[in-house]
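Observations on chain architecture
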Amino acid sequence: MSILPVPPRRTGDGQLGDAELESTAVAEPGAVTVIIPTFNEAGNVRELLRQLTESVPSRLPCEILFVDDSTDGTPAAIAEAAQDCPFPVAVIHRDEPVGGLGGAVVEGLRTAGSEWIVVMDADLQHPPSLVTELVAAGERTTADLVVASRYVDGGSRAGLAGGYRVAVSRAATWLTKGLFPRRLRGISDPMSGFFAIRRGAVMADADGLRPLGYKILLELAVRCRPQQVAEVPFVFRDRFAGESKSTAREGGRFLRHLVELRTASAPARMMAFGLIGLTGFVPNLLALYGLTGAGMHYLPAEIVANQFGVAWNFLLIELLLFRHRREHRHWADRVGRFALLANADLLLRIPLIALFVGELGMEVLPATALAMLATFVLRFAGTETLVYLPKGRWRRRSADATRPARPARSARRERSGRP
């Protein structure tokens, strides 16, 4: 990953003028950093910077930060177009697009130095003329988050191409608001990628952000929990150039992201763990039916069939529940540990039933139910701690300590020749 400072405009004699020197200074509180994630948007950046230049008053301290995952000539296009922009422009080029568009925005959030941060797309479907209005609405209402919404009076989703995309967008909105009714209260358009947020509302939780795909607003609203939210209407416009990045794969990442957000707490993870476990009965029973039908005795058939359920549960848990905790153990190690815990459940349940019945005098049915509950809780706890050991805070601090510093403001100081 590298920060590429874009040279400011120069005067006729080739030297930086007073206005240009002033524009490269570190942004003061109340200023705005516009974060624009890009992936192969070379055809859009010149028009985008032109419209930003026309829309944002030159007296407003503003910096523009592109976070680029492109494989085309987008960084070069930005450098060329930035020569005509009165605001300082920088590019963070990521060699590995971790987290997709959402990960790019988080990288920009960690680099931005202004009080207000505006996030927008590069394809001009988000009108640059609303940048100052978003910040002004936040100052006026003292909100921490201001969302540009297509679903309030004056807004429109006209730029969505075709009825299919409209239906998908609406379904995703209903789904997210249904899953997070309290966290998304006051946000009519949680799928919006155009918003302004106070830096103080996000930086305290920046290390806990784990975006997956392009719905970064949902990540920020759920994990950072801004205290007050405001909205302004906007008309979603047609793409200026290039092709849409919305694909079926991105849709799958969005659904996985929803699951991860919904299971962020231990009780929610335990509930999801139990639901996944219930689905394991289907492959278990199908395998048992097939094995006994082939002539195998029901006892060894049950043992073998149980492994089909274990494998099914492991795959779902890997993909949906503990995706961010897989890197510290080899996959074979995780499989072995998970299978051991799942099968130990059977061995532990019978002694527990005998204990509850013989020593505590319980009836067989409630003793069996209590034993199943006890072994389920133990299996969940064992899976979390022995298979998917959570990363400790000290590990994150160690990673942060070894990560090379990338402050945008120091890059701009070098660019302007200031100490």
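Here we summarise the structure given alongside this text. This is a predicted model, so every value here is computed, not measured.

Rules and cut-offs
- Residues numbered from 1 in each chain as written.
- Predicted model: local features only at pLDDT ≥ 70, side-chain atom pairs only at ≥ 80, totals over all residues.
- Heavy atoms only, no water.
- Helix = DSSP H or I, 4+ residues; strand = E, 2+ residues; numbered from the N terminus.
- Buried < 20%, exposed > 50% of the residue type's maximum accessible area, 1.4 Å probe, protein only.
- Contact = heavy atoms within 4.5 Å.
- Areas by Shrake-Rupley, 256 points an atom, 1.4 Å probe, with all protein chains shown as cover.
- Pairing = 2+ DSSP bridges.
- Salt bridge = Lys/Arg side-chain N within 4 Å of Asp/Glu carboxyl O.
- Expected span 1.5 Å × (residues − 1).
- Core = buried A, V, L, I, M, F, W, Y, C linked by side-chain atoms within 4.5 Å.
- Phe/Tyr/Trp six-rings, centres within 6.5 Å; stacked < 30°, edge-to-face > 60°.
- Right-handed = clockwise from strand over helix to strand, strands pointing away.
- Patch = residues over 30% accessible without salt bridge, like charges linked within 9 Å, V, L, I, M, F, W, Y side chains within 5 Å.
- Lys, Arg positive; Asp, Glu negative; His and termini not counted.
- Charge placed at Lys NZ, Arg CZ, Asp CG, Glu CD.
- 1 Å grid on protein atoms, 1.4 Å probe; cavity = no way out; pocket = protein on both sides within 12 Å on 5 of 7 lines; lining within 4 Å.
- Points joined across faces, edges and corners; volume = space filled by probe spheres on them.
- Nonpolar A, V, L, I, M, F, W, Y, C, P; charged D, E, K, R; others polar.

Attention shifts here to the overall build of the protein chain. When you go through the protein chain residue by residue, the secondary structure sums to 16 helices and eight strands. By residue count, 45% of the 419 residues in the protein chain fall in the buried class. For the protein chain, the proportion of contacts with a sequence separation of at least 24, taken over those separated by at least 6, is 79%. Here the protein chain has roughly 20,800 Å² of accessible surface; of this, 61% comes from carbon and sulfur atoms.

Burial analysis of strand β2 (residues 32-38) places seven of its seven residues in the buried class, which makes it a mostly covered element. Because side chains alternate across β2, one face comprises the buried residues Val32, Val34, Ile36 and Thr38, and the other comprises Thr33, Ile35 and Pro37, equally buried. Sheet topology note: the β2/strand β3 (residues 62-68) ladder contains seven bridges and is parallel. Within the sheet, the bridge partner assigned to Thr33 lies in β3 and is Glu63. Sheet analysis places β2 next to strand β5 (residues 116-119), joined by four bridges and oriented parallel. When the sheet's bridge partners are listed, Val32 is paired in β5 with Trp116.

For the structure shown, the criterion picks out 12 salt bridges. A salt bridge links Arg94 to Asp69, with the shortest nitrogen-to-oxygen separation between them at 2.8 Å. On the criterion of sequence distance, the pair formed by Arg94 in the loop between β4 (89-93) and α4 (100-111) and Asp69 in the loop between β3 and α3 (74-81) is long-range, its members being 25 residues apart. Judged on exposure class, the residue Arg94 and its partner Asp69 are both buried. Arg150 is the partner of Asp189 in a salt bridge, and the nearest nitrogen-oxygen pair spans 2.8 Å. Highlighted residues: Asp189 in the loop between α6 (162-179) and β7 (195-198) and Arg150 in the loop between β6 (145-149) and α6, separated in sequence by 39 residues.

In this model, helix α12 (residues 298-321) (24 residues) spans 32 Å end to end at C-alpha, consistent with the 34 Å of a helix rising 1.5 Å per residue. Those residues of α12 lying buried are Ala301, Ala305, Asn306, Gly309, Val310, Asn313, Phe314, Ile317, Glu318 and Leu321.

Bringing the nonpolar core into the picture now. Of all hydrophobic cores here, the largest spans 38 residues; its most connected members are Ile36, Leu52, Ile64, Phe66 and Val146. Filtering out sequence-adjacent residues up to four positions away, Ile36 remains in contact with Leu48, Leu52, Ile64, Leu65, Phe66, Val67, Met120, Asp121 and Ala122. In this structure, Met191, Ala201, Phe254 and Leu261 belong to the second largest nonpolar core, which totals 34 residues.

Taken as a whole, this structure holds six aromatic pairs when the rule is applied. A ring pair is formed by Phe273 and Phe376, whose centres lie 5.8 Å apart and whose planes are at 45 degrees; its orientation type is tilted. Here Phe376 lies in helix α14 (residues 364-387) and Phe273 lies in helix α10 (residues 266-279), a separation of 103 residues in the sequence. Each member of the pair, Phe273 as well as Phe376, carries the same accessibility label: buried. For the pair Phe314 and Phe338, a centre-to-centre distance of 5.5 Å together with 55 degrees between the ring planes defines the contact as tilted. Here Phe338 lies in helix α13 (residues 331-358) and Phe314 lies in helix α12, a separation of 24 residues in the sequence. Taken together, the ring pairs in this structure connect Phe194, Phe234 and Phe236 into an aromatic cluster.

Once that is clear, we can look at the pairing of β4. Within β4, five of the five residues are buried, which leaves it mostly tucked inside the rest of the structure. Here β4 shows no split at all, with Val89, Val91 and His93 on one side and Ala90 and Ile92 on the other all buried. What joins β3 to β4 is α3, and the crossover it makes is right-handed.

Time to look at a positive patch on the surface. On the surface, Arg182, Arg183, Arg185, Arg225 and Arg262 cluster together into a patch of positive charge. Mapped onto the elements of the fold, Arg185 is located in the loop between α6 and β7. Look at Arg185 and you get exposed, because its relative accessible area is 59%.

One number sums up the size of the second largest pocket: a volume of about 630 Å³. As for the second largest pocket, its lining consists of 22 residues, and the residues nearest its centre are Gly277, Phe281, Asp345, Arg349 and Arg379. For the lining of the second largest pocket, the secondary structure elements donating two or more residues are α10, α11 (281-293), α12, α13 and α14. Taken together, the residues of the lining of the second largest pocket sort by class into 10 nonpolar, eight polar and four charged.

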